[in-house]
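What the coordinates show
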Amino acid sequence: MKITGKNVLITGGASGIGKLMAGICLEKAASNVIIWDVNQANLDRAAIELGTVRPRIGGAAHGQLHCYAVNVSDSDTIASSYLKVKHQVGEVDILINCAGVVRGNNTFDAQTIQDIRLTMDVNATAPMLVALRILPDMLRRDSGHICNIASAAGMLGMPRLSVYCASKWAVIGWTESMRVELKQARSKVRVTTVAPYFINTGMFDGVHSKIFPILKPERTAKKIVKAIEKGKSFKGIPFSYHFIRSCQALLPNVLFDYIFGKIFGIYSVMDRFTGRKESPAPKNAAQPFTRKAV
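Residues numbered from 1 in each chain as written. Predicted model: local features only at pLDDT ≥ 70, side-chain atom pairs only at ≥ 80, totals over all residues. Heavy atoms only, no water.

**Topic: the overall build of the protein**
Looking only at helices and strands, the protein has 8 helices and 8 strands in total. In terms of overall dimensions, the protein has a C-alpha envelope of 55 × 45 × 35 Å along the principal axes. When each of the 294 residues of the protein is scored for burial, the buried share is 50%. Total accessible area computed for the protein in this model is approximately 13900 Å², and 54% of it derives from carbon and sulfur atoms. (Helix = DSSP H or I, 4+ residues; strand = E, 2+ residues; numbered from the N terminus. Buried < 20%, exposed > 50% of the residue type's maximum accessible area, 1.4 Å probe, protein only. Areas by Shrake-Rupley, 256 points an atom, 1.4 Å probe, with all protein chains shown as cover.)

Listed below in structure tokens is the structure:
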């Protein structure tokens, strides 16, 4: 689905690749770009930075940027926020579920119940709750696209990242199931699963990757938007990561663990993880902000 002339909603869109994708969509002359994010300070910064983005497509009307403080792990807030979006902006054509968290690098036995619940709520349950509100309108129109940002960690078990891996495995399984359901229903609504390797946005600060390079945010954001426009059902980034999956299917565990875990160092990437410092979250109530991209 082309971005031009569409209403695009991005969760977690006030920072990282979410904000970069919002800028790309404005450059591609989206009618409206709606950002949902739990961090009000980041929303304020994004409103200023993205408010000056100009469409690169000649003759296209300038897009509108709309920022809402939304806790996407709260179903009531999602419902009220989406009603506001429909009233103030219109129905959503493209949903990009990008909000995500990672809580430290402890082994599973040292995880807290609070961190397990938060990780699963934000990374796995929240995309479902948001899609559950928006998908019925897409089905009624027989048009729309949902893109869920999973992770390469959702295809490979990684030490010190067990709960995060579990949340991203859930996203991949859910999106693939939804793809088949839509196909069986002969719907024109499309879904895309994106599984990137670690991205240099600050969320995974301290991660040390021996062989596979940490992804550049700008290039990754462009690839995700391109995958949506091309209607791809699955996009792994980088493509070479698919090689690991093939080897995992063919090699016995002891050999796979030795080659990729020890020689390639995949099992030690989280050893020096520090992560990004979290800012205090605002209240659940949606707080809209609209700025025209000029």
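Read on for the rest.
**Comments concerning the side chain of Thr192**
Note on placement: Thr192 falls in strand S6 (residues 190-196). Classification of Thr192 by relative accessible area gives buried; the value is 0%. Among all residues touching Thr192, those that are not within four sequence positions of it are His145, Ile146, Cys147, Asn148, Thr175, Ala227, Lys232 and Ser233. (Contact = heavy atoms within 4.5 Å.)

**Considerations on the packing of aromatic side chains**
Going through the model one piece at a time under the given rule, you end up with 9 aromatic pairs. An angle of 80° between the planes, with centres 5.4 Å apart, marks the rings of Tyr164 and Phe204 as edge-to-face. Of this pair, Tyr164 sits in helix H5 (residues 162-184) while Phe204 is found in the loop between S6 and helix H6 (217-230), placing the two residues 40 residues apart along the sequence. For Phe204, a relative accessible area of 10% gives the class buried. (Phe/Tyr/Trp six-rings, centres within 6.5 Å; stacked < 30°, edge-to-face > 60°.)

**Comments concerning the pairing of strand S7 (residues 234-237)**
Consecutive residues of a regular strand have side chains that alternate between opposite faces of the sheet. In the sheet, S6 pairs with S7 via 4 bridges, with the strands oriented parallel. By the bridge assignment for S7, Val194 is matched with Lys235. A crossover links S6 with its parallel partner S7, the connecting element being H6, and its sense is left-handed. (Pairing = 2+ DSSP bridges. Right-handed = clockwise from strand over helix to strand, strands pointing away.)

**As for the pattern of salt bridges**
Counted by the stated rule, this structure contains 10 salt bridges. Between Glu91 and Arg141 there is a salt bridge; the shortest N-O distance is 2.6 Å. Here Glu91, found in the loop between helix H3 (75-88) and strand S4 (94-97), pairs with Arg141, found in helix H4 (residues 113-141); they are 50 residues apart in sequence, far enough to count as distant. Between Asp93 and Arg141 there is a salt bridge, with the nearest N and O atoms lying 3.7 Å from each other. Here the residue Asp93 occupies a position in the loop between H3 and S4, and Arg141 occupies one in helix H4, the gap between them amounting to 48 residues. Since its relative accessible area comes to 15%, Asp93 is described here as buried. Residue Arg141 is classed as partly exposed on the basis of its relative accessible area, which comes to 27%. What you see here is one network of salt bridges that share partners, running through Lys86, Glu91, Asp93, Asp137, Arg140 and Arg141. (Salt bridge = Lys/Arg side-chain N within 4 Å of Asp/Glu carboxyl O.)

**Here we look at H6**
The end-to-end C-alpha distance of H6 is 20 Å, a good match for the 20 Å that 14 residues give at a rise of 1.5 Å each. Along H6, the residues classified as buried are Pro217, Thr220, Ala221, Ile224, Val225, Ala227, Ile228 and Glu229. Taken together, the buried residues of H6 touch helix H1 (16-27), S4, strand S5 (145-149), S6 and S7. (Expected span 1.5 Å × (residues − 1).)

**What about the environment of Asn42?**
For Asn42, the location among the structural elements is in helix H2 (residues 40-50). Since its relative accessible area comes to 15%, Asn42 is described here as buried. For Asn42, the contacting residues outside a window of four places in its chain are Ala14 and Ser15.

**A few points about the environment of Ile172**
With respect to the helices and strands, Ile172 occurs in helix H5. In this structure, Ile172 is in contact with Ala150, Ser151, Gly154, Met155 and Thr193, ignoring residues within four places of it in sequence.

**Focus: the nonpolar core**
Formed by 62 residues in total, the largest nonpolar core has its most connected members in Met21, Ile96, Leu161, Phe198, Phe204 and Ile224. Top element by residues in this core is H1. It accounts for 6 residues. Excluding its chain neighbours within four sequence positions, the residues that come into contact with Leu161 are Val102, Ala153, Phe198, Phe204 and Met270. If you look at the next biggest cluster of nonpolar residues, it comprises 25 residues, including Val89, Val130, Leu135 and Val191. (Core = buried A, V, L, I, M, F, W, Y, C linked by side-chain atoms within 4.5 Å.)

**Comments concerning a positive patch on the surface**
Together, Lys2, Lys226, Lys230 and Lys232 line one region of the surface with positive charge. If you trace the backbone, Lys2 turns up in the segment before strand S1 (7-11). By relative accessible area, which is 54% here, Lys2 ends up exposed. (Patch = residues over 30% accessible without salt bridge, like charges linked within 9 Å, V, L, I, M, F, W, Y side chains within 5 Å. Lys, Arg positive; Asp, Glu negative; His and termini not counted. Charge placed at Lys NZ, Arg CZ, Asp CG, Glu CD.)

**So, unusual backbone geometry**
Cis peptide bonds are those with omega within 30 degrees of zero, and the linkage from Ile237 to Pro238 qualifies with -5°. Summarising the element assignment, Pro238 is placed in the loop between S7 and helix H7 (241-250). Located in the positive-phi region is Ala29, a residue other than glycine, with phi close to 65°. Looking at where Ala29 falls in the secondary structure, it is placed in the loop between H1 and strand S2 (32-37).

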